[in-house]
Amino acid sequence: SALNCYTITLFARFAEEPPDNGFSLVSNVGFDSFLPKAEGDTDAQAVLVENGAIAPVIGEEGAGPQALGADTEGPTVCAREWHSLAFVVDTNAGSARTYVDGALSVEAQSTKIARDGQFALKGRVALLWERNGSPRSVAYVRALVVHARALDADAVAREAAAHRAL
């Protein structure tokens, strides 16, 4: 059974700017032999892209931010600064949203964000994961929470404020 509505929040600091190919923040499949990727799955469901946006990946793997299927003009992450990050998924509605410091960064609607599909949590999740990790992929985490529901914008903002109070 999969968790189809959830929110992952973390208070993190990245040591360097993201690499050109982005940095995987959330990966539900393909990172080990227990949850192999199905045809059409991507390595990550949320990435930190080179412009500092946090975005859901709903397009072709390796195609960069244009494959995200969403506007990446929202708030962004700066290296060497602490940020409250949230990844909100509701596969029943086919939506994924990302937040930086409590403000909406990217919102995506897609049939790829489907019930029991690659965006659903299936018992394991890799966070801050990079298949070809490098020293540029270093992240520090002060807080991490996995909620078994899709938080609304107000709840995400309250959690960001709590992170800032740490």
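Look up: the structure comes first, before these words.
Rules and cut-offs
Residues numbered from 1 in each chain as written. Predicted model: local features only at pLDDT ≥ 70, side-chain atom pairs only at ≥ 80, totals over all residues. Heavy atoms only, no water. Helix = DSSP H or I, 4+ residues; strand = E, 2+ residues; numbered from the N terminus. Buried < 20%, exposed > 50% of the residue type's maximum accessible area, 1.4 Å probe, protein only. Contact = heavy atoms within 4.5 Å. Areas by Shrake-Rupley, 256 points an atom, 1.4 Å probe, with all protein chains shown as cover. Pairing = 2+ DSSP bridges. Axes fitted to C-alpha atoms, helices over the stretch in contact; angles between N-to-C directions. Salt bridge = Lys/Arg side-chain N within 4 Å of Asp/Glu carboxyl O.

Another aspect to go through is the overall build of the protein chain. Along its length, the protein chain carries one helix and nine strands. What you see in the protein chain, going N to C, is helices and strands ordered as β-β-β-β-β-β-β-β-β-α. By the burial criterion, 50% of the 166 residues in the protein chain qualify as buried. Restricting to contacts in the protein chain with at least 6 residues of sequence separation, those with at least 24 account for 66%. For the protein chain, the accessible surface area stands at approximately 7,700 Å², while carbon and sulfur atoms represent 49% of it.

The topology assignment puts D90 in strand β5 (residues 82–90). D90 sits 29 residues away from F119 along the chain, and the two C-alpha atoms are 8.8 Å apart. Discounting chain neighbours no more than four positions away, the residues touching D90 are N4, C5, S95 and A150.

Okay, the pairing of β5 next. The buried fraction of β5 is high, at seven of nine residues. Two elements, strand β1 (residues 5–14) and β5, share nine bridges in a ladder whose sense is antiparallel. Bridge pairing in β5 links C5 to D90. Where β5 and strand β6 (residues 95–100) come together, six bridges link them in antiparallel fashion. Along β6, the bridge assignment pairs A86 with Y99. Between β5 and β6, which follow one another and run antiparallel, lie four residues, and G94 among them has a positive phi close to 70 degrees.

All right, on to the side chain of S27 then. Note on placement: S27 falls in strand β2 (residues 23–27). On the basis of relative accessible area, S27 is assigned to the buried category, the value being 0%. For S27, the contacting residues outside a window of four places in its chain are D43, A44, Q45, V125, A126 and W129.

Turning our attention to the sheet that holds strand β9 (residues 139–147). Reading across from one edge, β7-β6-β5-β1-β9 is the order of the five strands in this open sheet, with antiparallel pairing throughout. Each of the sheet's edge strands pairs with one partner strand only, and the pair in question is β7 (103–109) and β9. Strand-to-strand twist across the sheet, computed as the mean angle between neighbouring axes with direction ignored, equals 15 degrees. Across the face of the sheet, helix α1 (residues 153–164) comes into contact with β1, β5, β6 and β9 while running at roughly 155 degrees to β5.

What follows deals with the pattern of salt bridges. In total, this model carries two salt bridges according to the counting rule given. A salt bridge links R80 to E16; its shortest N-O distance comes to 3.6 Å. Here E16 lies in the loop between β1 and β2 and R80 lies in the loop between β4 (54–56) and β5, a separation of 64 residues in the sequence. Close ionic contact of R164 with D101 constitutes a salt bridge, the shortest N to O distance being 3.1 Å. Taken together, the residues R164 in helix α1 and D101 in the loop between β6 and β7 connect sequence positions 63 residues apart.

What follows is about the sheet that holds β4. The sheet built from four strands is open, its strands ordered β4-β3-β2-β8 with antiparallel pairing. The sheet is open, and its two borders are formed by β4 and β8 (126–129), each paired with just one other strand. Each strand of the sheet is rotated relative to its neighbour by a mean of 15 degrees, with strand direction disregarded. Of the pairings in the sheet, the one linking β2 to β8 comprises three bridges and is antiparallel in character. Note that in β8 the partner of S24 across the bridge is W129.

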